[in-house]
Amino acid sequence: MNGGGTSRHIGRIIIRAIVTLLMVAILNFILFRVIPGDPAKLLLGGARTSVTAEQIEAQRQNWGLDRPLFPDQLVDYLSATVRGDLGYSFKFRGRHVADLILEHLPATIILVGIAQLTAIVIGVMLGIYAGWRRGGTLDNLATGTSLLLYSTPSFWVAMILVVIFSTSLGWLPGYGAYSPGGTISFVDSLLDHLRHLALPVTAVALGLIGQYVVVARAAMSDVVTEDYMVTARAKGLTNGQMLMRHAFRNAMLPVVTLIALNLGYVVAGAITVEAVFAWPGIGGLTVEALNARDYPILQGIFLLLGASIVVANLVADLAYGLLDPRVRQ
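If you're wondering where the values come from, they're calculated on a predicted model, not measured in any experiment.

Describing the overall build of the chain
- Tallying secondary structure elements over the chain gives 13 helices and zero strands in all.
- Listed N to C, the secondary structure of the chain is α-α-α-α-α-α-α-α-α-α-α-α-α in terms of helices and strands.
- Taken over 329 residues, the chain has a buried fraction of 40%.
- In the chain, of all internal contacts separated by at least 6 residues, the share reaching a separation of at least 24 is 75%.

Laid out in structure tokens, this is it:
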């Protein structure tokens, strides 16, 4: 394909990503307005103090909730989002939403990022090998275990890990990111943080490993039956040469899609796992915002989630073009 064709291919992908982001932003606005409950009543009336109806209405006016949803609130929301202004939190008064998200984001990236990298390395390698050696002992063991992990909710795995390794054996902490009271030196603080990371990372990684093994094995199983693999064997190539030159690259196409989708998951965070371990990340912030009907925070978090998935798919589409030139046509 010439340079013009490649440019058109990339241009189509970018335009599609921009349109998708716009649709995500509009859906993001509508989604949280249909949740039952008025945030002003929840935050002011929930305190069980002598808050009058006039005070609640004044607060609604202050937040702009008394204005029509369409087009007033929607237009304000879209124009502010384009400017990068996510607004102020209802619950954490005076705090900017972007600051709150940035405050909680590192904990989530560390947790889910380490789990993703671990799962990609272990899951893809194990799935590729299982597909290459179909019917063997390792294939049967890996496939059965992966299906079990894939079908098990992460929060249930997290609770089992807490019961076994924290409550019963007492080997690892099952709550928070650091021990109460803190530690003095940097090394002690780092070791303490890693001990708190062990169980949450394991809970997230186990489910992801199951996904990668299942997808990578299925892709490799299809590749080994292709005609070009028979031709490669007839030409006298060794198993290692066939695997690395022909099979691995073609089997990676569906795996790249799964990796891209899961990379978006890094930003969203494993909400349920964070809730089990009281991890101070995006998941905990989401639960607090849901309970308070804090629209600005919820919109900011889910916009970040949607944008991360769109960007991850954009990268996957571009990677497709590199792995398989037919995609660019």
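Details of the environment of V276
- Its place among the elements puts V276 in helix α11 (residues 271-277).
- Sequence separation of V276 and A158 is 118 residues, and the distance between their C-alpha atoms is 6.8 Å.

Considerations on helix α7 (residues 154-168)
- When the terminal C-alpha atoms of α7 are compared, their 20 Å separation across 15 residues agrees well with the 21 Å that a helix rising 1.5 Å per residue should span.
- Remark: the principal bend of α7, roughly 30 degrees, maps to V162.
- Taken residue by residue, α7 has V157, A158, L161, V162 and S166 as its buried positions.

Thoughts on the pattern of salt bridges
- Inspection of every chain in the model, using the stated rule, returns four salt bridges.
- A salt bridge links R67 to D72; its shortest N-O distance comes to 3.6 Å.
- On the basis of relative accessibility, which here comes to 36%, the residue R67 falls in the partly exposed class.
- The residue E103 makes a salt bridge to R95 at a minimum N-O spacing of 2.8 Å.
- Judged by its relative accessible area of 48%, E103 falls in the partly exposed class.

As for a nonpolar patch on the surface
- Taken together, the side chains of F155, W156, M159, I160, V163, I164, L169 and W171 present a nonpolar region at the surface, about 760 Å² in accessible area.
- Exposure remark for F155: the relative accessible area of 36% places this residue in the partly exposed category.

A word on the environment of F90
- Summarising the element assignment, F90 is placed in the loop between α4 (69-82) and α5 (97-132).
- Judged by relative accessible area, F90 falls into the buried class, the value being 5%.

Parameters at a glance
- Residues numbered from 1 in each chain as written.
- Predicted model: local features only at pLDDT ≥ 70, side-chain atom pairs only at ≥ 80, totals over all residues.
- Heavy atoms only, no water.
- Helix = DSSP H or I, 4+ residues; strand = E, 2+ residues; numbered from the N terminus.
- Buried < 20%, exposed > 50% of the residue type's maximum accessible area, 1.4 Å probe, protein only.
- Contact = heavy atoms within 4.5 Å.
- Expected span 1.5 Å × (residues − 1).
- Bend = angle between axes of the 7 residues up to and from the residue.
- Salt bridge = Lys/Arg side-chain N within 4 Å of Asp/Glu carboxyl O.
- Patch = residues over 30% accessible without salt bridge, like charges linked within 9 Å, V, L, I, M, F, W, Y side chains within 5 Å.
- Areas by Shrake-Rupley, 256 points an atom, 1.4 Å probe, with all protein chains shown as cover.

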